[in-house]
Amino acid sequence: LALVLALLTMPTTMPIFAAGTAKKEANASNYLKTGVYRIKNELTGLYIDCYDLAYEKNGSAYIETKNGGEAQDIYLERQADGTYTLSPQSEGGKYALSCKNGAENESVITKNKEKTAFERFAIYGAKNGSFTIAPIKNTKEGLVLDISEKTSRYKDNYICLKKFDG
């Protein structure tokens, strides 16, 4: 049940599908432009959201119903090498999503102020219009963003890395 994203520019949504339905092939002629997106899991209909650091020390990413909050507005910034940083717009947009806390299977995605390789992701498009997001810096090949079975103290399922199965 890998996270397959629906990416649409604000105020619309970016579809994400299970890794099994998205191909891990970048479409260079159809890349996403820098901008603010909402990232939605196509299978669950839920959106990527992030805790502010005041509520959780790592500012972890989790899955949530659409609430219109700034933490669901994700600024995708395309880098010169074709990768992206993903920055929730809560807390002034100064933190990027990161896999720095251990880019292994089931690692929870957190927020970080730095923009190193741990905060950069590849976005792969599928013919059905959905996308898969994968970290460029990880210790295990083939990991993509997905929904964790782990929950926060607020009972929200975290966003994590899982093995791409498609």
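Structure first, text after, so check above.
Residues numbered from 1 in each chain as written. Predicted model: local features only at pLDDT ≥ 70, side-chain atom pairs only at ≥ 80, totals over all residues. Heavy atoms only, no water.

## Remarks on the nonpolar core
The test is simple: As used here, the term nonpolar core means buried Ala, Val, Leu, Ile, Met, Phe, Trp, Tyr and Cys residues forming a set that is joined through side-chain atoms within 4.5 Å. Classification of residues uses two cut-offs on accessible area relative to the type maximum, computed with a 1.4 Å probe and protein chains only: under 20% is buried, over 50% is exposed, and between them is partly exposed. Only runs of H or I of at least four residues qualify as helices and only runs of E of at least two qualify as strands under DSSP, and these elements are numbered from the N terminus.
L76, L86, I109 and L145 are the most contacted members of the largest nonpolar core, which totals 24 residues. The dominant element in this core, judged by the number of residues it contributes, is strand β12 (residues 143-151), at 3 residues. Core analysis: the second largest hydrophobic core is formed by 5 residues, A122, Y124, A134 and V144 among them.

## Considering the pattern of salt bridges
Rules: Only one rule defines a salt bridge in this text: a Lys or Arg side-chain nitrogen within 4 Å of an Asp or Glu carboxyl oxygen.
The final tally for this structure, using the stated rule, is 5 salt bridges. Across the pair K111 and D52 runs a salt bridge, and its minimum N-O distance is 4.0 Å. In this pair, K111 sits in strand β9 (residues 110-112) while D52 sits in the loop between β4 (47-50) and β5 (61-64), placing the two residues 59 residues apart along the sequence. For D52, a relative accessible area of 24% corresponds to the partly exposed category.

## Some words on the side chain of T85
Rules: Working rule for contacts: check all heavy atoms of both residues, and any pair within 4.5 Å makes them a contact.
Mapped onto the elements, T85 comes out in strand β7 (residues 84-88). Judged by relative accessible area, T85 falls into the buried class, the value being 1%. Beyond its immediate stretch of four places on either side in the chain, T85 contacts Y75, L76, E77, Q79, K115, E119 and R120.

## A short note on the side chain of R38
In plain terms, the rule: Polar contacts, as used here, are pairs of N or O atoms within 3.5 Å; protein pairs need one atom able to donate a hydrogen and one able to accept it. Residues neighboring in sequence count only if both atoms are side-chain atoms.
Counting through the fold element by element, R38 comes out in strand β3 (residues 35-41). The exposure class of R38 is buried, given its relative accessible area of 7%. For R38, the side chain forms a polar contact with the side chain of D73, separated by 2.9 Å.

## Some points on the packing of aromatic side chains
Convention followed: Two rings from Phe, Tyr or Trp (for Trp, the six-membered ring) form a pair when their centres sit within 6.5 Å of each other. Planes less than 30 degrees apart are called stacked, planes more than 60 degrees apart edge-to-face, and all others tilted.
Across all of its chains, the model carries 2 aromatic pairs by this definition. Ring geometry for Y51 against Y62: centres 4.2 Å apart, planes inclined by 25 degrees, an arrangement best described as stacked. One end of the pair, Y51, is in the loop between β4 and β5; the other, Y62, is in strand β5, with 11 residues separating them in the sequence. Y62 carries the same exposure label as Y51, and that label is buried. Judged by centre distance (5.3 Å) and plane angle (40 degrees), the rings of Y51 and Y154 are tilted. Placement of Y51 in the loop between β4 and β5 and of Y154 in the loop between β12 and β13 (157-163) is noted, with a sequence separation of 103 residues between them. Look at Y51 and you get buried, because its relative accessible area is 6%. Taken together, the ring pairs in this structure connect Y51, Y62 and Y154 into an aromatic cluster.

Keep in mind these numbers describe shape, not what the thing actually does.
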